[in-house]
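Structural overview for review
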Amino acid sequence: MEIITLFTDGLFASMAAIGFGSINNTPRRLLPWCGFIAAIGHATRFALMHSSFRLDIILAGFVGSIFIGITSSFASRRHGCPFEVLAFPALLPMIPGMYAYGTIQALISYLQLHAAGAPSAHYLDVLAYNAIMTMLIILFLAVGALVGIFLTRITRTTS
C-alpha cells in the first residue's frame, strides 16, 4: 500500500468531516480538529482493510473508531468542548453508504417483484445481508468511539 493512497483517503475523510462539522454547528476553530481526527480514523480503517492484515470493514472500522475516540477525548479536553463535538463529525465519513444504499435498493426491488407475484428470494437475501452489515458497522463505530473514551479516562485516572 502506498503512502499517497493512505494520505488521499485521510484527506477526503477530512474534507467530509469538516463539511459534517459545519452542518452540525461545530465552532470554526474546531473544524480543523474534526478533519484531523477523521483523517486518523479513516486512514487507520483503510490501512487495516488494504494491508497485509486484510481485516473486514466491521473490525477495521472498530479499530479506526477507537482511534477517533482516543484522539477526540484528548482534543476535547485540550479545547474545553464536549467529546461529541469532535467525534461525531469524524465518525460520519465512516458510515457505510454503499451497504445502506444496497439495503434500500434491495427493499425496493423485493417489493416490486413481490407485488408482481414473481419470485424474489434473492432480493430478500441481499436486503438482509446489507441491512445486517449496515447495522453492525454503525454499532461497532459507536462502541469503538466509546471504548476510545473509556481507555483515555482509565489512563488519566491511573496516572
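Above: the structure in question.
Description of the packing of helix 1 (residues 3–23) against helix 2 (residues 31–50)
Two numbers describe how helix 1 lies on helix 2: the axes approach to 7 Å, and their chain directions differ by 140°. Considered as vectors, helix 1 and helix 2 are oriented oblique to each other. Our pair here, helix 1 against helix 2, has a crossing hand that is right-handed. Between helix 1 and helix 2, the residues in contact are Thr5, Leu6, Asp9, Gly10, Ala13, Ser14, Ala17, Ile18, Gly21 and Ser22 and Leu31, Cys34, Gly35, Phe36, Ala38, Ala39, His42, Ala43, Phe46 and Ala47, respectively. Residues that form the contact of helix 1 with helix 2 fall into these classes: 12 nonpolar, 7 polar and 1 charged.

Thoughts on unusual backbone geometry
With a phi close to 60°, asparagine 25 is a non-glycine residue in the positive phi region. You will see that arginine 54, though not glycine, has its phi angle at about 50°, which is positive. Here arginine 54 shows up in the loop between helix 2 and helix 3 (57–79). Of the residues examined, arginine 54 reaches a relative accessible area of 59% and is grouped as exposed.

Reading the values: the criteria
Residues numbered from 1 in each chain as written. Predicted model: local features only at pLDDT ≥ 70, side-chain atom pairs only at ≥ 80, totals over all residues. Heavy atoms only, no water. Axes fitted to C-alpha atoms, helices over the stretch in contact; angles between N-to-C directions. Helix = DSSP H or I, 4+ residues; strand = E, 2+ residues; numbered from the N terminus. Parallel < 35°, antiparallel > 145°, perpendicular 65-115°, else oblique. Left-handed = near helix turned anticlockwise from the far one by under 90°. Contact = heavy atoms within 4.5 Å. Nonpolar A, V, L, I, M, F, W, Y, C, P; charged D, E, K, R; others polar. Buried < 20%, exposed > 50% of the residue type's maximum accessible area, 1.4 Å probe, protein only.

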